[in-house]
Structure formats: structure tokens, C-alpha cells
Amino acid sequence: MSLKKRRDREIEHMKQIIIEAAENIIATDGIDGLSIRKIASQIEYSPATIYHYFSEKEEILNVVMQKGYSKIMKAISGTNLSHLKGKDRLVEMSKNYIRTSIAMSDEYMNAQLNTTPEALQYTSSLFKGASTQKPALSILYQCIKEIDENKNASDDELELIAQMVAVSTFGLIVKISIEKNLDEEQKEKLISYFVNETVLKIAVINKQERKGKD
């Protein structure tokens, strides 16, 4: 192995140590509790050493948030969904999203309930145009758009539908994450019932109701 490759591996290894320390701190103290000094103390290096690998705390936080977001993106765009269309795709995608978020509940809650600008750049999704700027919401929007009953809906309405699905799903994830004593069977019952009875009813436009509005 060349000296450069060895050095590159050492740099990546040290960065990983720093990121893991940051994740541990966020899990216990929240995003607001993260600081360079705390990271340095946990890994027993000086703050100056941390700055050798990352320019500022926000850069570290950005990596942590990206890691969490990538897990979510993988859950809703995985190859196991590629053969599904319309409502079937929405059902399975929603279940995957909920299960993945609950599996990383501490990470999810720390990010979603945080109001700092650094966190909100990843988690905000209710502003107009969010479906074109937020990858996860964009996937949900496209899935809802492909449902037959929604073919005459406007882009604005489809975005609102996607946002309402996201908001209601968030509520279930938070509640299950808080009630940590739930067994797996009950979680699955809640997830399946919620997706079939709530997500689909929000996402699929009722033609009769549409006719009444028109």
C-alpha cells in the first residue's frame, strides 16, 4: 500500500471516529448539545485535532444528518419497490419508511424535533414547492401522482396531499418511538392499519367528493 493510500485511510478512519462520537452525543444530548469540545472530550483528542478534519461543527452535523437521510431514502426507493405501481407502491413505501424511522428512533426524533437551521434544512417539508426540493417528499409526490384516481389533480393539490401524508406518518412514528414498550406484533398491526386506513384515504382522491367540489 502506498503512503498516500495509507494516509487517506487514516484520515477516513479518524473522520469516522469523530462522526460516531457526534452521533453518540446527539443521541444523549440532542443536536443542540453537540459541540467540538464534547466530541474532543469523548474521543480524548484536543479540539484542534477535530478542526484538522472538519472545518466547523456544522460540517460534522451535516455528515450526521446526511447519513440518517440516506437511510430514509434507501427505504423509500429500494429495488424491492421497483415492480410496484400506484397504491401498492405507496403502501409498501410507507411501511418501509415507518419501519426504518422507528428502527433509528433516537436519531429520527433528534432530527425531526429540532428547530435549528442546520436541522431544518433537512427536515422542513411543508413549504410551497417542497416536493421539488426535498428528495423524500418528491418520491412520495410522484408515487401519489401515479395513482389512477389522482390523474386530474393539480400539482399544488398533489403536493399538499404528499405533505399531509408525511405529517400524519410523522405522528405515528413519534408515538411509537415514545411508547418503547410496544412489542413487534403490535407495531406491525399499527403500521399496517395506519397505512391502509389513513395513508391511502389521504392520498387517494375520492372521485365523488371531487365531483361535488367541481
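The rules behind these values
Residues numbered from 1 in each chain as written. Predicted model: local features only at pLDDT ≥ 70, side-chain atom pairs only at ≥ 80, totals over all residues. Heavy atoms only, no water. Core = buried A, V, L, I, M, F, W, Y, C linked by side-chain atoms within 4.5 Å. Buried < 20%, exposed > 50% of the residue type's maximum accessible area, 1.4 Å probe, protein only. Helix = DSSP H or I, 4+ residues; strand = E, 2+ residues; numbered from the N terminus. Contact = heavy atoms within 4.5 Å. Polar contact = N/O pair within 3.5 Å; in protein donor to acceptor, adjacent residues only side chain to side chain. Phe/Tyr/Trp six-rings, centres within 6.5 Å; stacked < 30°, edge-to-face > 60°. Axes fitted to C-alpha atoms, helices over the stretch in contact; angles between N-to-C directions. Parallel < 35°, antiparallel > 145°, perpendicular 65-115°, else oblique. Left-handed = near helix turned anticlockwise from the far one by under 90°. Nonpolar A, V, L, I, M, F, W, Y, C, P; charged D, E, K, R; others polar. Patch = residues over 30% accessible without salt bridge, like charges linked within 9 Å, V, L, I, M, F, W, Y side chains within 5 Å. Areas by Shrake-Rupley, 256 points an atom, 1.4 Å probe, with all protein chains shown as cover. Salt bridge = Lys/Arg side-chain N within 4 Å of Asp/Glu carboxyl O. Expected span 1.5 Å × (residues − 1).

**Q** Looking at this structure, I do not really get the nonpolar core. What am I missing?
**A** It is characteristic of soluble globular proteins that their nonpolar side chains tend to be buried jointly. Core analysis: the largest hydrophobic core is formed by 38 residues, its most contacted members being Leu-90, Ile-98, Leu-140 and Ile-144. Counting only elements with at least two residues in this core, the list comes to helix H4 (57-76), helix H5 (86-103), helix H9 (135-145), helix H10 (155-178) and helix H11 (184-203). Setting aside anything within four residues of it in sequence, one finds Leu-140 in contact with Leu-90, Met-93, Ala-162, Val-165 and Ala-166. Counting 23 residues, the second largest nonpolar core, distinct from the first, contains Ile-39, Ala-40, Tyr-53 and Ile-60.

**Q** Even after reading the chapter, I still don't get unusual backbone geometry, so can you show me in this structure?
**A** Backbone phi values are negative for most residues with the exception of glycine, while trans is the configuration of most peptide bonds. Positive phi, normally seen in glycine, also occurs at Glu-44, with a value near 60 degrees. Here Glu-44 shows up in the loop between helix H2 (36-43) and helix H3 (47-53).

**Q** Quick question: what am I supposed to make of the environment of Glu-107 here?
**A** For Glu-107, the position within the fold is in helix H6 (residues 105-112). The spacing of Glu-107 and Gly-68 is 39 residues in sequence and 7.2 Å in space, taken between C-alpha atoms. Once you skip the residues sitting within four places of it in the chain, Glu-107 turns out to touch Val-64, Lys-67, Gly-68 and Lys-71. Engagement of the side chain of Glu-107 in a polar contact is seen with the side chain of Lys-71, the distance being 3.3 Å.

**Q** So what exactly am I meant to see when it comes to the packing of aromatic side chains here?
**A** What characterises a pair of aromatic rings is the spacing of the ring centres plus the angle enclosed by the ring planes. Tallied over the entire structure, the rule returns one aromatic pair. Plain terms: the ring middles of Tyr-108 and Phe-170 are 6.3 Å apart, the flat faces sit at 40 degrees to each other, and that makes the pair tilted. Remark: Phe-170 occurs in helix H10 and Tyr-108 occurs in helix H6; sequence separation between them is 62 residues. Looking at Phe-170, the relative accessible area reads 24%, which means it is partly exposed.

**Q** Teacher, can you tell me more about the packing of H10 against H11 here?
**A** If you want to describe how two helices pack, look at the angle between their axes and the distance between the axes. Viewed as axis vectors pointing N to C, H10 and H11 meet at an angle of 160 degrees, and their least axial separation amounts to 10 Å. Taken together, the axes of H10 and H11 lie roughly antiparallel to each other. The element H10 and its partner H11 pack so that their crossing is right-handed. Across from Ile-161, Met-164, Val-165, Ser-168, Thr-169, Leu-172 and Ile-176 in H10, the residues of H11 making contact are Lys-187, Leu-190, Ile-191, Phe-194, Thr-198, Val-199, Ile-202 and Ala-203. Taken together, the residues of the contact of H10 with H11 sort by class into eleven nonpolar, three polar and one charged.

**Q** Sorry, what's going on with a nonpolar patch on the surface here?
**A** A cluster of nonpolar side chains, contributed by Leu-126, Met-164 and Val-167, occupies part of the molecular surface with about 270 Å² of accessible area. By the element assignment, Met-164 lies in helix H10.

**Q** Would you explain the side chain of Ser-94 in this entry?
**A** By the secondary structure assignment, Ser-94 is in helix H5. With near-sequence residues (within four places) excluded, Ser-94 lies in contact with Val-195 and Val-199.

**Q** Sorry if this is basic, but what is going on with the pattern of salt bridges here?
**A** Any two side chains of opposite charge can pair, on the condition that their charged atoms come close. Inspection of the entire model under this criterion finds twelve salt bridges. In this structure, Glu-179 engages Lys-175 in a salt bridge whose closest nitrogen and oxygen atoms are separated by 3.3 Å. Of the residues examined, Glu-179 reaches a relative accessible area of 31% and is grouped as partly exposed. Residue classification places Lys-175 among the partly exposed positions, given a relative accessible area of 47%.

**Q** Looking at this structure, I do not really get H4. What am I missing?
**A** Because an α-helix packs 3.6 residues into every turn, residues spaced three or four apart end up facing the same way. Compared with an ideal rise of 1.5 Å per residue, which puts 20 residues at 28 Å, H4 spans 29 Å between its outermost C-alpha atoms and is within 8% of the ideal. Among the residues of H4, those classed as buried are Ile-60, Leu-61, Val-64, Met-65, Gly-68, Tyr-69, Ile-72, Met-73, Ala-75 and Ile-76.

Function-wise, these values are silent; they only describe arrangement.
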